[in-house]
Amino acid sequence: MKSLYTVILLLFCYTVSYAQEHRVSGRVVDINNAPIEYATITLYNADQSALLNGTFSNSKGTFSLTNLKPDTYILKVRFIGYRDFEKTVVVAKDMSLDSIRLEEDIESLNEVTVTSKKPTLKREADRLIFNIENTALTEGNMLQVLQNTPGVLVLGDEILVKNSNPTVYINNRKVHLSPDDLSQLLEGSSANSIKSIEVITNPSARYDAESGVVLNIVMSKNLITGYRGAINSTFTQAVFPRYGIGTNHFFKNEDISFNINYNYSKDKINRNGDDTVNFLDSQNDLEESWRSFTNRNTWSETHSLNANFDYFINDKNTLSLSTSSLYLPYFKYKIKNNTTINDDNDEFLSRFTADNLSRDNKYNLGFDLDFSHTLDKGTITFNTHYTTYNYDRNQTVLSDFFNENNNFIGSSAFNTEANQNTQILAAKIDYSLPITEDSNFEVGLKFSAIATESDVSQFDVDLATGTETLDALNSDVFDYDERVFAGFVNYAKTTESYNFSVGLRAEQTNVDGQSPLTNITNTQDYFELFPNASFQYNIYEGYSIYANYKRSIARPGYADLNPFRFFLNENYVVAGNPNLVPSFLDHYVIGATLFDFVTVEAYYQNYDGAISEIPRQNNETNIIEFTSVNFDKTVEFGFDLIMYYSFIENWDTSFVTSFYNIEEETNFGNGFVTQSQWSNYSELYNSVSLLKDKSLNVSLSLTWLGKNLQAFQTVEDRLFSQLAISKSVLNKQGSITLSVSDIFNQHDFSVSTQYQNQFSSQFVDIDDRYVRLGFRYKFGNTRLETNQRSTNLDERDRLNKASN
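Treat the numbers as computed from the prediction; the structure is a model and nothing was measured. (Residues numbered from 1 in each chain as written. Predicted model: local features only at pLDDT ≥ 70, side-chain atom pairs only at ≥ 80, totals over all residues. Heavy atoms only, no water.)

Student: What is the right way to look at the overall build of the protein chain in this model?
Tutor: The number of helices and strands found in the protein chain is 5 helices and 47 strands. Counting all 804 residues of the protein chain, 51% fall into the buried class. Taking as baseline every contact in the protein chain between residues at least 6 positions apart, the subset at least 24 positions apart corresponds to 66%. Accessible area for the protein chain stands at about 36,200 Å²; split by element, carbon and sulfur atoms hold 55% of it. (Helix = DSSP H or I, 4+ residues; strand = E, 2+ residues; numbered from the N terminus. Buried < 20%, exposed > 50% of the residue type's maximum accessible area, 1.4 Å probe, protein only. Contact = heavy atoms within 4.5 Å. Areas by Shrake-Rupley, 256 points an atom, 1.4 Å probe, with all protein chains shown as cover.)

See the structure below:
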């Protein structure tokens, strides 16, 4: 019995001793003693037959392995582009290892680069996720990636998703630039750090109510410290040559992260138009037909800057300063117009020419200050934003008139000076609380204040003396102030079998617009709720069904509310509408994902007071006025099919098609007008990687836009095409790209308007057929990723229309 007790005692002592747990910690650095973040640390048993523990290094390169029993282990450290590190560790107590220094392995890095992944497409209840990390698509620029994203249409400088302009974000932070400026920024920015593109058709309540559709560019997380840079240049030959250069730089260490992206472009763009306006008599019969041939040329120089600075105060606190800024020191706009006037028998009556020369100066400077604090439970973030925007235009218009014998009979001229100054200040606070491992609760508050001062002065010119006389009827001043108070709550839960999100946003808006010269006042005060919900059920792998709903708002642009009348010539004028009110959208979607690569869905959109700019002809004064109006009814519904598939190893194909109907209805004062049109949008994209190392990539995209209805205007069929070829050179430090747009010369389009006493048509020849050659060279630590981003603010977007 004593022997038994002795054995039990010895076993107990051995077990207690063996059960003691220890910790092994260390630090991973490169040859310059800079920390390496996200290095993989694994711990094996002595014969490496079993993986026992593992972790990743943090931003300071440190790691810790806990709950280790006394024993002999094999410690391995790995990180892409470095030689593997292996060490035998005998654990008998807590251990702090010496710094583990990893050496670069160029051969290993090249092998990883050669192994290219394939793009994948994933459908969630509220979004479509297009993953492109480490694929051939990242060899181009950001705009090219968007052009190849299923469901996203890029028409020149305009980005569309389901016939609407999405709000573009980078890493869930908004890019505060106009469509033209945004296009230049994306085209000059490398795509090599993009992880995925998220097409969010049902944004949560965290997003502003104006964010109807969000296009979020998700960047790969910064991996290691150090410096990375790149330079790029493009040459484009269209009707006229265009040039662009840019550079981006990124630096990160333990305490700070800094990124800057600068682009400069010099462009001359041509556009031709053939417009016909049929002026009608009181019986709506043809009285006169005015046909105008117009040539437009724009010369511009643009500087754009996107930068951000992060200071990592400690593990729980981060302070960030960022800017998205644009400076346009030179913009010249020249229009040459020749209009012929015929009677109802197509007999020549007269003609006139109008030459318009405008010179603009514009800057748009936006700054954000962010602070993020991690609590014991959840994260709280603060953001303040400030934008200063200034726009000046000086315009000269000279018109010559000819009689029925085509003899010169006289001239007229006028000059216009237009200015707009806008200040935006916004602040918000958000709190995110993980309730469980698979659920999250969010709440936030926001305030924004916008102040705009604008004026326009038109002067009639005496061509004999050069004397200018103020035209008081076409001169005005407009002051606009807007305040928006907002708050939101959102709850989301994700499990293996289902996920859902439900939220509610409330916004109180106060508007005061004053035009003292015309005694026009626009005062609005309204409170609105914006619910949203999404649900997805995963039937089994590769098969799921989903549904979502969202209510959103579209506020009028500041320039749209401005009552000014800006004349392009004697008979064409752009006018504001101080009576505009916000538009509201209810958006419903149901759909399913099949075989993991096919998505089918049906959608319904109901707009209350949709805002659109339309041309209105005055048959008595023979003036064409372009103005924005609220439609009484706009309904769109349709059926979509999205496919993404890889036929063979190096060939990827995506196909999108949408059959949809648009119905518009409004009362222009002569009774209701109702129009509807079925249409089709289809997109086919193919990408092929060639050569053994897949360094040569060829892609072809074809997009069909069928006859469709846009603001009571019928736009005829169009076929968009683009061929792109990219080749990695200089040990993959550089890349050369060649792209051809409008291969079949089908980008130009025809538009017609015909209802009640409106009867016109136009053919637009856009300068979108080109050959482009680009080169990009990367230097520094090319494995670094970018943290470039911009900050969320809807108010700034509405500045876009001010420069039209």
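Student: In this structure, what is going on with the sheet that holds strand β36 (residues 623-630)? I would like to understand it.
Tutor: Sheets are built from strands that pair by backbone hydrogen bonding, the pairs being arranged parallel or antiparallel. One open sheet accounts for 4 strands, arranged β31-β32-β36-β35; its pairing is mixed. At either end of the open sheet lies a strand with only one pairing partner, and these are β31 (565-567) and β35 (611-618). Taken pair by pair, the neighbouring strands of this sheet meet at an average axis angle of 25°, ignoring direction. Looking at chain direction, β35 and β36 are connected through 8 bridges and run antiparallel. Across the sheet, Ser612 pairs through a bridge with Val629, a residue of β36. (Pairing = 2+ DSSP bridges. Axes fitted to C-alpha atoms, helices over the stretch in contact; angles between N-to-C directions.)

Student: How do you make sense of the nonpolar core when you look at a structure like this?
Tutor: Burial of nonpolar side chains together is a common tendency in soluble globular proteins. Core analysis: the largest hydrophobic core is formed by 37 residues, its most contacted members being Leu146, Ile159, Leu186, Ile194, Ile197, Leu215 and Ile217. Counting 19 residues, the second-largest nonpolar core is a separate cluster that includes Val24, Leu65, Tyr73 and Val91. (Core = buried A, V, L, I, M, F, W, Y, C linked by side-chain atoms within 4.5 Å.)

Student: What is the right way to look at the pairing of strand β20 (residues 286-314) in this model?
Tutor: Remark: a regular strand shows side chains that alternate across the two faces of the sheet. Of the strand pairs in this sheet, strand β19 (residues 256-280) and β20 are connected by 25 bridges, and their pairing is antiparallel. By the bridge assignment for β20, Tyr262 is matched with Leu305. A loop of 5 residues connects β19 with β20, the two strands running antiparallel in sequence, and Asn284 in this loop sits at a positive phi of about 60°. In this sheet, strand β21 (residues 317-343) lies alongside β20 in antiparallel orientation, the contact comprising 25 bridges. The partner of Asp310 across the bridge, within β21, is Ser320.

Student: Looking at this structure, how should I read a negative patch on the surface?
Tutor: Judged by side-chain charge, Glu453, Asp479, Asp481 and Asp512 come together as a negatively charged surface patch. Along the chain, the position of Asp481 falls in strand β27 (residues 476-494). (Patch = residues over 30% accessible without salt bridge, like charges linked within 9 Å, V, L, I, M, F, W, Y side chains within 5 Å. Salt bridge = Lys/Arg side-chain N within 4 Å of Asp/Glu carboxyl O. Lys, Arg positive; Asp, Glu negative; His and termini not counted. Charge placed at Lys NZ, Arg CZ, Asp CG, Glu CD.)

Student: Help me understand the environment of Gln458, please; the structure alone is not making it clear to me.
Tutor: As for its position among the elements, Gln458 is in strand β25 (residues 439-461). If we skip the residues at most four places from it in the chain, Gln458 touches Phe414, Asn415, Thr416, Thr469, Leu470, Asp471, Asn474, Ser475 and Phe567.

Student: Help me understand the sheet that holds strand β3 (residues 51-56), please; the structure alone is not making it clear to me.
Tutor: With respect to topology, 4 strands assemble into an open sheet ordered β3-β2-β5-β6, the strand pairing being antiparallel. Each of the sheet's edge strands pairs with one partner strand only, and the pair in question is β3 and β6 (85-91). Strand-to-strand twist of the sheet, defined as the mean angle between neighbouring strand axes without regard to direction, takes the value 20°. Across 5 bridges, the pairing between strand β2 (residues 40-45) and β3 is antiparallel. In the strand pairing of β3, Thr40 is matched with Phe56.

Student: What is the right way to look at the pattern of salt bridges in this model?
Tutor: It is possible for side chains bearing opposite charge to pair when their charged atoms get close. A complete count under the given rule lists 18 salt bridges for this structure. In this structure, the salt-bridge partner of Arg78 is Asp84, at a minimum N-O distance of 3.4 Å. Judged by its relative accessible area of 41%, Arg78 falls in the partly exposed class. Across the salt bridge formed by Arg291 and Asp274, the nearest N and O atoms sit 2.6 Å from each other. Note that Arg291 is positioned in strand β20 and Asp274 in strand β19, a separation of 17 residues in sequence. Asp274 gets classed as partly exposed once you look at its relative accessible area, which sits at 21%. Each of Asp208, Glu210, Lys446, Arg505, Glu507 and Arg555 takes part in a single network of salt bridges with overlapping partners.

Student: I'm lost on the side chain of Asn577 in this one. Help?
Tutor: With respect to the helices and strands, the residue Asn577 is situated in the loop between β32 (572-575) and β33 (583-594). For Asn577, a relative accessible area of 16% corresponds to the buried category. If we skip the residues at most four places from it in the chain, Asn577 touches Asp560, Leu561, Asn562, Thr627, Ser628 and Val629.

Student: Explain the packing of aromatic side chains to me, please; I cannot follow it from the model alone.
Tutor: The description of an aromatic ring pair rests on the distance of the ring centres and on the angle between the ring planes. Overall, the coordinates contain 29 aromatic pairs when judged by the stated rule. Their ring planes at 25° and their centres at 6.5 Å tell us that Tyr572 and Phe626 sit as a pair that is stacked. With Tyr572 in strand β32 and Phe626 in strand β36, this pair connects stretches of sequence that are 54 residues apart. Here the aromatic rings of Phe668 and Phe712 are separated by 5.7 Å at their centres, their planes lie at 70°, and the arrangement is edge-to-face. Taken together, the positions of Phe668 in the loop between β38 (651-667) and β39 (672-690) and Phe712 in the loop between β41 (708-710) and β42 (713-715) put the pair 44 residues apart, joining distant regions of the chain. One exposure class covers both Phe668 and Phe712, and it is buried. Clustering of aromatic rings is evident, with ring pairs tying together Phe279, Trp290, Phe352 and Phe401. Over the ring of Tyr44 we find Lys76, and its NZ or CZ is 4.8 Å from the ring centre. (Phe/Tyr/Trp six-rings, centres within 6.5 Å; stacked < 30°, edge-to-face > 60°. Lys NZ or Arg CZ within 6 Å of the ring centre and 35° of its normal.)

Student: Looking at this structure, how should I read a nonpolar patch on the surface?
Tutor: Taken together, the side chains of Tyr227, Phe251, Phe258, Phe309, Tyr311, Ile313, Leu319, Leu321 and Leu369 make up a nonpolar region of the molecular surface, amounting to roughly 740 Å² of accessible area. Broken down by secondary-structure element, the contributors of at least two residues to the nonpolar patch are β20 and β21. Residue contributions to the nonpolar patch peak at 3 residues, all from β20. Its place among the elements puts Leu369 in strand β22 (residues 348-374).

Student: Please explain unusual backbone geometry as it appears in this structure.
Tutor: Where the residue is not glycine, phi is negative for most of them; where a peptide bond is considered, it is trans in most cases. Phi is positive for Asn67, which is not a glycine, with a value near 60°. Residue placement: Asn67 occurs in strand β4 (residues 62-68). Using a relative accessible area of 54% as the deciding quantity, one classes Asn67 as exposed. Residue Asn406 is not a glycine yet carries a positive backbone phi of 65°. Within the fold, Asn406 resides in the loop between β23 (379-402) and β24 (408-436). The exposure class of Asn406 is partly exposed, given its relative accessible area of 39%.

Student: Can you help me understand the pairing of strand β15 (residues 194-200) in this one?
Tutor: Of all the 7 residues making up β15, 6 are buried; the element is thus mostly covered by neighbouring parts of the structure. Sheet topology note: the strand β10 (residues 127-131)/β15 ladder contains 5 bridges and is antiparallel. Looking at the pairing, Ile129 lines up with Glu198 of β15. Where β15 meets strand β16 (residues 214-219), 6 bridges bridge the pair, whose relative direction is antiparallel. Bridged to Glu198 within β16 is Asn216.

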